[in-house]
Amino acid sequence: MGDLLFEDAETARNYQDYRPNYGGLGLEEKVTAFMGQTRNQSQNADTIALDVGCGSGQLTKVLAPLFTKMIGIDRSKAQIDVAKEVTKERNIEYRVNLAEDLSFLQDGSVDLVSTAAAIYFFEPEPFLAEVDRVLKPGGCFLVLLLGADSFTLKALTSNEEVKKKCHDLQKDFVAASLRIMREGTKKVVSSGSYPTPEYPDTYHFQVTSKRQYDNINEFVGFLKSTGTLREYSQKFPEEGDQVEIFTKRLLSILAAISSAPERTPVVFSWLFNCYMYRKPI
Ligand SMILES: C[S@@+](CC[C@H](N)C(=O)[O-])C[C@H]1O[C@@H](n2cnc3c(N)ncnc32)[C@H](O)[C@@H]1O
C-alpha cells in the first residue's frame with residue numbers, strides 16, 4: 001500500500017517544491033459553508049481537524065486556519081520531516097501514522113477528517129471505520145480525488161501541433177503511472193470511485209489547481225515528485241529512465257516554439273473532484 005512511492009527524502013523534497021497546491025482555490029470557503037451547521041454548534045469550543053496522507057502538508061496548511069488544532073498524518077517519515085521543516089503555523093502538528101489506525105484519537109473527537117490525492121492508497125474498510133469512529137456527530141469528511149483524466153499539460157502557445165503533442169505526452173504520463181500502481185489503486189484512479197461513508201448529507205464540487213513551471217528543471221522536479229515514474233524505471237529498467245524520457249520528449253516538443261526549450265514555461269493543471277460527507281448527529 002503506497003509502498004516506496006513517496007517514502008524517500010528526495011521525493012518528499014520534490015513534492016514540497018514542485019507540486020501544485022490547494023491555496024487560492026476557494027476550498028476553505030466551500031468547506032466552511034458545508035461545515036457551517038456543525039461549526040455554529042461548537043462556536044465556543046475548540047475544533048480539531050485531521051489531514052490523512054498529508055504528504056508535506058499541501059492541504060493541511062490551507063485548512064489549518066479554520067480550526068483550533070490541525071493534525072497531519074502520513075505513513076512516510078520523509079514526508080513528515082519535510083512538513084515539519086517548512087511549517088510555520090503553530091496550530092499544526094504532524095506525525096507519522098497509518099490512515100488505517102487512528103487509535104491516537106478518541107472516539108467522536110474530530111470536526112473534520114480530510115484527505116487529498118491519497119485515499120486510493122488506504123485500505124477502504126479499516127480507514128472508513130476509523131473516520132466514522134473519530135468524527136464527532138455532525139463532523140465532516142472531505143475527500144479530494146484525482147482521476148486518470150484529471151491532468152492537463154499545456155505549453156503557452158497557440159500552435160495546434162504542439163498542443164496535441166503535449167496532450168499525447170500527458171496521456172502517456174498517466175498511462176505509465178497507472179501501469180505501476182497497485183491493482184486496487186489503479187481501479188480507483190481510473191474509475192474515480194472509492195467506497196464512501198453511508199452518510200446521507202453530501203456535497204460535491206470541483207477545483208482546479210494549476211502550476212506554471214518556468215523552466216525544464218522545475219518540470220523535472222515535478223516529474224521526480226511522481227513516485228510512480230521513478231518506480232516504473234526501477235521495475236522496467238529495460239525501458240529506460242522515465243523521467244529522462246519524458247523530459248527529452250518535452251524538450252523536443254518545445255523546440256518547435258522556442259530556440260531555448262529548456263527555458264520555456266509549461267503549465268500543469270489538476271482537476272480535483274471534492275466530496276464532503278456529514279456524519280449524522
Ligand atoms: C500523492 S501523496 C498526496 C499528499 C498530499 N495530501 C497532497 O495532496 O499533495 C499520497 C500520500 O499518502 C501517503 N500514504 C499512502 N498510504 C498511506 C497510508 N496507508 N497511511 C497514511 N499515509 C499514506 C503517502 O506517503 C503520500 O505522502
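See the structure above.
Residues numbered from 1 in each chain as written. Predicted model: local features only at pLDDT ≥ 70, side-chain atom pairs only at ≥ 80, totals over all residues. Heavy atoms only, no water.

Trainee: Is there a simple way to explain the packing of helix H1 (residues 9–18) against helix H4 (residues 77–86) in this structure?
Mentor: The relative placement of two packed helices comes down to the angle between their axes together with the axis-to-axis distance. Taken N-terminus to C-terminus, the directions of H1 and H4 make an angle of 40 degrees; their axes are 8 Å apart at the nearest point. Relative to H4, the element H1 lies oblique. The hand of the H1/H4 crossing is right-handed. Side by side, H1 and H4 meet where Ala-9, Ala-12, Arg-13, Tyr-15 and Gln-16 of the first sit next to Ala-78, Gln-79, Val-82, Glu-85 and Val-86 of the second. Of the residues belonging to the contact of H1 with H4, the class tally is six nonpolar, two polar and two charged. (Axes fitted to C-alpha atoms, helices over the stretch in contact; angles between N-to-C directions. Helix = DSSP H or I, 4+ residues; strand = E, 2+ residues; numbered from the N terminus. Parallel < 35°, antiparallel > 145°, perpendicular 65-115°, else oblique. Left-handed = near helix turned anticlockwise from the far one by under 90°. Contact = heavy atoms within 4.5 Å. Nonpolar A, V, L, I, M, F, W, Y, C, P; charged D, E, K, R; others polar.)

Trainee: I would appreciate a short explanation of the pairing of strand S5 (residues 135–155) in the present structure.
Mentor: Moving residue by residue along a regular strand, the side chains alternate between the two faces of the sheet. For S5, a buried count of 15 out of 21 residues is recorded, marking the element as mostly surrounded by other parts of the structure. Where S5 lies against strand S7 (residues 266–278), twelve bridges are found, and the strand directions are antiparallel. Residue pairing in the sheet places Leu-146 in a bridge with Phe-272 of S7. (Buried < 20%, exposed > 50% of the residue type's maximum accessible area, 1.4 Å probe, protein only. Pairing = 2+ DSSP bridges.)

Trainee: How do you make sense of the sheet that holds strand S3 (residues 92–96) when you look at a structure like this?
Mentor: In any sheet, the strands associate via hydrogen bonds between backbone groups, in a parallel or an antiparallel arrangement. Spatial ordering of the open sheet is given by S3-S2-S1-S4-S5-S7-S6, a layout of seven strands whose pairing is mixed. If you trace the sheet from one side to the other, it starts and ends with S3 and strand S6 (201–213), each paired once. Across this sheet, the average inter-strand angle for adjacent strands is 20 degrees, counted without regard to direction. Judged from the 13 bridges that link them, S6 and S7 form a sheet pairing that is antiparallel. The residue bridging Phe-205 from the neighbouring strand is Cys-274, located in S7.

Trainee: For this particular structure, what's the right way to read the pairing of S3?
Mentor: When strand S2 (residues 69–74) meets S3, the two strands line up parallel, connected through five bridges. Paired with Ile-73 across the two strands is Arg-95, which belongs to S3. Each parallel crossover has a hand, and the one from S2 via H4 to S3 is right-handed. (Right-handed = clockwise from strand over helix to strand, strands pointing away.)

Trainee: Help me understand the side chain of Gln-170, please; the structure alone is not making it clear to me.
Mentor: With respect to the helices and strands, the residue Gln-170 is situated in helix H6 (residues 160–180). One polar contact links the side chain of Gln-170 to the main-chain amide nitrogen of Leu-153, over a distance of 3.0 Å. Setting aside residues up to four positions removed in sequence, Gln-170 forms contacts with Phe-151, Thr-152 and Leu-153. (Polar contact = N/O pair within 3.5 Å; in protein donor to acceptor, adjacent residues only side chain to side chain.)

Trainee: How should I be thinking about the state of the cysteines in this particular structure?
Mentor: Working definition of a disulfide: a covalent bond connecting the sulfur atoms of two cysteines. Applying the stated criterion to the full structure yields zero disulfides. Cys-140 takes part in no disulfide bond, and the closest cysteine sulfur to it belongs to Cys-274, at a distance of 14 Å. (Disulfide = S-S within 2.5 Å.)

Trainee: Would you mind going over the environment of Pro-265 with me for this structure?
Mentor: Topologically, Pro-265 is positioned in the loop between helix H10 (242–254) and S7. You can call Pro-265 partly exposed: its relative accessible area is 23%. Sequence-distant contacts of Pro-265, defined by excluding residues within four places in its chain, comprise Ala-155, Leu-156, Gln-212, Tyr-213 and Asp-214.

Trainee: Can you walk me through the pattern of salt bridges in this structure?
Mentor: Close approach of charged atoms lets side chains of opposite charge pair. The tally for this structure, following the rule as stated, stands at 15 salt bridges. Glu-161 serves as the salt-bridge partner of Lys-165, at 3.9 Å between the closest nitrogen and oxygen. Of this pair, Lys-165 and Glu-161 both sit in helix H6, four residues apart, which is roughly one turn of the helix. Its relative accessible area of 40% is what places Lys-165 among the partly exposed residues. Across the salt bridge formed by Glu-262 and Arg-263, the nearest N and O atoms sit 3.9 Å from each other. We classify Glu-262 as partly exposed; its relative accessible area is 35%. On the basis of relative accessible area, Arg-263 is assigned to the exposed category, the value being 60%. (Salt bridge = Lys/Arg side-chain N within 4 Å of Asp/Glu carboxyl O.)

Trainee: Would you mind going over the site of the ligand with me for this structure?
Mentor: In the region of the ligand, 22 residues are neighbours, and Tyr-22, Gly-53, Asp-74, Ala-99 and Ala-116 sit closest. Between the ligand and the protein, one listed contact pairs a nitrogen atom with a backbone N or O atom of Ala-116 at 2.9 Å. Calculation on the ligand without its partners gives an accessible area of 600 Å², and the protein chains cover 98% of this total. Here the shell around the ligand is built from residues that sort into twelve nonpolar, six polar and four charged. (Near = heavy atom within 4 Å. Areas by Shrake-Rupley, 256 points an atom, 1.4 Å probe, with all protein chains shown as cover.)

Trainee: Would you mind going over the packing of aromatic side chains with me for this structure?
Mentor: Two measures describe an aromatic ring pair: the distance that separates the ring centres and the angle between the ring planes. Counting across every chain of the model gives 22 aromatic pairs. With centroids separated by 6.2 Å and ring planes inclined at 90 degrees, the aromatic side chains of Phe-173 and Phe-246 adopt a geometry described as edge-to-face. With Phe-173 in helix H6 and Phe-246 in helix H10, the pair connects residues that are 73 residues apart, well separated along the chain. Pair check on accessibility: Phe-173 and Phe-246 agree, each one buried. Seen in terms of ring centroids, Phe-222 and Phe-268 are 4.6 Å apart; in terms of plane orientation they differ by 45 degrees. Their pairing is tilted. You can see Phe-222 sitting in helix H8 (residues 216–225) and its partner Phe-268 sitting in strand S7, a full 46 residues away along the chain. By relative accessible area, Phe-222 is classed as buried at 0%. The exposure class assigned to Phe-268 is buried, which follows from its relative accessible area of 1%. Taken together, Tyr-22, Phe-151, Phe-173, Tyr-213, Phe-219, Phe-222, Phe-246, Phe-268, Trp-270 and Phe-272 form an aromatic cluster joined through their ring pairs. (Phe/Tyr/Trp six-rings, centres within 6.5 Å; stacked < 30°, edge-to-face > 60°.)

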